[in-house]
Amino acid sequence: MNITLCSSLLICGHLLQVQRILRERFCHQCNNGNRFGVDSQHKHLVELLKRTAVHGESNSVLIIGPRGSGKSMLLNNALKELGEIKQVKENILQVHLNGLLQTNDKIALKEITRQLQLENVVGDKVFGSFAENLTFLLEALKRGDRISSCPVLFILDEFDLFAHHRNQTLLYNLFDISQSAQTPIAVIGLSCRLDVLELLEKRVKSRFSHRQIHLLNSFNFQQYIKIFQEQLLLPAEFPDVCFAGKWNNNIQALLENKIVEDVLEKHFSYSKDVRSLQMLLMLVLSRITVSHPHINAEDLVEASRLQIMDSKVSILLGLSVLEVCLIIAMKHLHDVYEGEPFNFQMVQNEFQKFIQRKAHSVYNFEKPVIMKAFEHLQQLELIKPMEGISVRTQKEYQLMKLLLDSGQIMDAIQKYPHCPTDVRQWATSSLS
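Residues numbered from 1 in each chain as written. Predicted model: local features only at pLDDT ≥ 70, side-chain atom pairs only at ≥ 80, totals over all residues. Heavy atoms only, no water.

Enquirer: Explain the environment of Ile308 to me, please; I cannot follow it from the model alone.
Expert: For Ile308, the location among the structural elements is in the loop between helix H14 (297-307) and helix H15 (311-317). A C-alpha to C-alpha distance of 9.6 Å links Ile308 and Leu280, two positions 28 residues apart in sequence. Contacts of Ile308, omitting those with residues within four sequence positions, involve Lys266 and His267. (Helix = DSSP H or I, 4+ residues; strand = E, 2+ residues; numbered from the N terminus. Contact = heavy atoms within 4.5 Å.)

Enquirer: Explain helix H17 (residues 344-357) to me, please; I cannot follow it from the model alone.
Expert: A turn of α-helix holds 3.6 residues, and therefore any two residues three or four places apart point the same way. Relative to the 20 Å expected for 14 residues at 1.5 Å per residue, H17 spans 20 Å between its end C-alpha atoms, a close match to the ideal helical length. Listing the buried residues of H17 in full gives Phe344, Gln345, Val347, Gln348, Glu350, Phe351, Phe354 and Ile355. Taken together, the buried residues of H17 touch helix H16 (321-336), helix H18 (367-379) and helix H20 (421-428). The N-cap of H17, judged by a side-chain oxygen 3.1 Å from the amide nitrogen of Gln345 a few residues on, is Asn343. (Expected span 1.5 Å × (residues − 1). Buried < 20%, exposed > 50% of the residue type's maximum accessible area, 1.4 Å probe, protein only. Polar contact = N/O pair within 3.5 Å; in protein donor to acceptor, adjacent residues only side chain to side chain.)

Enquirer: Whenever I open this one, the packing of H16 against helix H19 (residues 406-415) confuses me. Can you help?
Expert: Helix-helix packing is characterised by the crossing angle of the two axes and by the distance between the axes. Close contact between H16 and H19 brings their axes to 11 Å; oriented N to C, the two are set at 145°. In the packing of H16 onto H19, the handedness of the crossing is left-handed. Contact residues: H16 offers Val324, Ile327, Ile328 and Lys331, while H19 offers Ser406, Ile409, Met410 and Ile413. Across the contact of H16 with H19, the residue classes break down as six nonpolar, one polar and one charged. (Axes fitted to C-alpha atoms, helices over the stretch in contact; angles between N-to-C directions. Left-handed = near helix turned anticlockwise from the far one by under 90°. Nonpolar A, V, L, I, M, F, W, Y, C, P; charged D, E, K, R; others polar.)

Enquirer: What exactly am I supposed to notice about the packing of aromatic side chains here?
Expert: The geometry of two aromatic rings is summed up by the distance between their centres and the angle between their planes. Evaluated as defined, the whole model comprises nine aromatic pairs. Seen in terms of ring centroids, Tyr224 and Phe268 are 5.1 Å apart; in terms of plane orientation they differ by 55°. Their pairing is tilted. Here Phe268 lies in helix H12 (residues 258-270) and Tyr224 lies in helix H10 (residues 221-232), a separation of 44 residues in the sequence. Overall, the relative accessible area of 1% leaves Tyr224 in the buried class. Classification of Phe268 as buried rests on a relative accessible area of 15%. Clustering of aromatic rings is evident, with ring pairs tying together Phe159, Phe175 and Phe208. One cation-aromatic arrangement involves Arg203 over Tyr172; the distance from NZ or CZ to the ring centre is 4.4 Å. (Phe/Tyr/Trp six-rings, centres within 6.5 Å; stacked < 30°, edge-to-face > 60°. Lys NZ or Arg CZ within 6 Å of the ring centre and 35° of its normal.)

Enquirer: I would appreciate a short explanation of the pattern of salt bridges in the present structure.
Expert: Close approach of charged atoms allows side chains with opposite charge to pair. Applying the stated criterion to the full structure yields 15 salt bridges. In this structure, Asp335 and Lys331 form a salt bridge, with 3.5 Å as the shortest nitrogen-oxygen distance. Highlighted residues: Asp335 and Lys331, both in helix H16, separated by four residues, approximately one helical turn. Classification of Asp335 by relative accessible area gives partly exposed; the value is 37%. The shortest N-O distance in the salt bridge between Lys395 and Glu375 comes to 2.9 Å. (Salt bridge = Lys/Arg side-chain N within 4 Å of Asp/Glu carboxyl O.)

Enquirer: Could you clarify how one ought to interpret the sheet that holds strand S1 (residues 59-64) in this entry?
Expert: Each strand in a sheet pairs with its neighbour through backbone hydrogen bonds, running either in the same direction (parallel) or in the opposite one (antiparallel). Pairing within the open sheet is parallel, and its five strands lie in the order S2-S3-S4-S1-S5. Unpaired on one side and paired on the other, strand S2 (93-98) and strand S5 (211-214) mark the two borders of the sheet. Here the average twist between neighbouring strands, direction ignored, is 15°. Strands in contact with helix H5 (residues 105-115) are S2 and strand S3 (152-157); relative to S2, the strand with the most contacts, it is inclined by about 155°. (Pairing = 2+ DSSP bridges.)

Enquirer: Help me out: how do you make sense of the nonpolar core in this one?
Expert: The nonpolar side chains of soluble globular proteins are, as a tendency, buried together. Leu326, Ile327, Met330, Phe342 and Phe374 are the most contacted members of the largest nonpolar core, which has 37 residues in total. Put simply, the parts of the chain that give this core at least two residues each are H15, H16, H17, H18, strand S7 (400-402), H19 and H20. In terms of residues, this core owes the most to one element, H16, which gives nine residues. With 34 residues, the next largest nonpolar core counts Phe221, Leu232, Phe268 and Val284 among its residues. (Core = buried A, V, L, I, M, F, W, Y, C linked by side-chain atoms within 4.5 Å.)

Have a look at this one:
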C-alpha cells in the first residue's frame, strides 16, 4: 500500500514538473528548436542590428507578417544572438514600445524616458508638457555622435497604431535621428499590415530607410510535425532521466500513429499558426493525470474536437425546442427563396404549417411566445435585421437575415438532446 502511495506521489511530482516546463514553453513561446524558413530574414536582421550596435550606424526596418508568423520570435532570437557578443551586451540600450499600450505620443515619450532612465536627470521637468518632454529627449539623443554615444534600439510593436498618432511626431523624430550623424539608433517596427507604409505621412516616409523583412508561415507538413515534436519533448536536464526517457519515447510513438497524423494534418490545413498548435497542446496537457501519465491519440482527438467546436452550434444546443423549430423554419425559407431575407410573419406561417401536420408532437404556442423566442434568436445574433430598413416597419414585417448555414443547423439537430423525431424529420426534409 505504502509502495503504491509513494509511486503515485513520485509520478505526481514528475507530472507537475512536466506541466510547468511545457506550459512555460507554450505560453512564453520559447523557441527551443529550428527556425523553419526564416534563416535569411534572421541573418539580415542580425547584420542590421550589428551595424548599429558595433559600428554606430543608424538604421530603420519594418518586420511585416500575419499574426503568429514569428515576428517577435525572429526579433527576440536576433537580440539574443546580439547579446552574446560582449562588446554589444555592455554597449546597447533597448526601448520597447507597443501601440496598444502607448496610445499617443505623450505616453510613448514618458515610457521612453522611463526605459532610458532619464526621468531623474532634470527632476519633474521631464514629466512636464509634451513639448518639454520631446525637446529634452531629442536634445539628449542629438547631443551624441556615432563614436562616443551608446546605441539605442527602439522596438515598436503594433507599428501601424503609431502611424495613427496625431501628426506622427514620434515617428518623424525617430526616423529623422536615424538619418543623421547623431546618437546611433535603430528603429524596428513590427506590423501585421502589408499596407503599413501607406499610413505614413510624406515627411515621415521620406526619412524611413524602406527596409522591409516579410515573414510567412512557409514550413511544410513534415516541419509542422517536427515543431509538434519539439514542443512536447522534455529537455535533457529533466531531473528524472528514466521518466523523461519514457515520456519522449511515447511522443516518438505518437508521431507514428495514423490518427495523430490525421488530426495534425487537419490543423495544418486549417492554420499554420504555431500558437494555434500550442493551444491544442495546452488542451492535451490538461488531460494528463497520475492515473493517465502519458499522452495518447484519444487525448489529441478530444482536444482537437474542443478547439475546433463551432461556437454557433454550441449556442443552438442550448436553445428551446420552439427556438429550434423557428431556426428550421428559417432554414426552409432560406432554401425555398434562395437566400432572400424573411420576416417574423413568414417564419410563423412556416411553423404553423408544421404544427398542423404534427399537432400531436409539438405544442402550439401563442403568437407573443413565438415573438419572444424570435427576439431571443436576434439577441443571440443568430439572425440580424437587414441594413437600411425603415424603423417604422412593424416588428412582424421587419426583414431579417439568417446568420447560420445549413451544415451548422443540421449538425446541431443531430447533437440536440432529446430532439422530437418529427422535428428532426422536418429539418432533414428538403421542402417544408
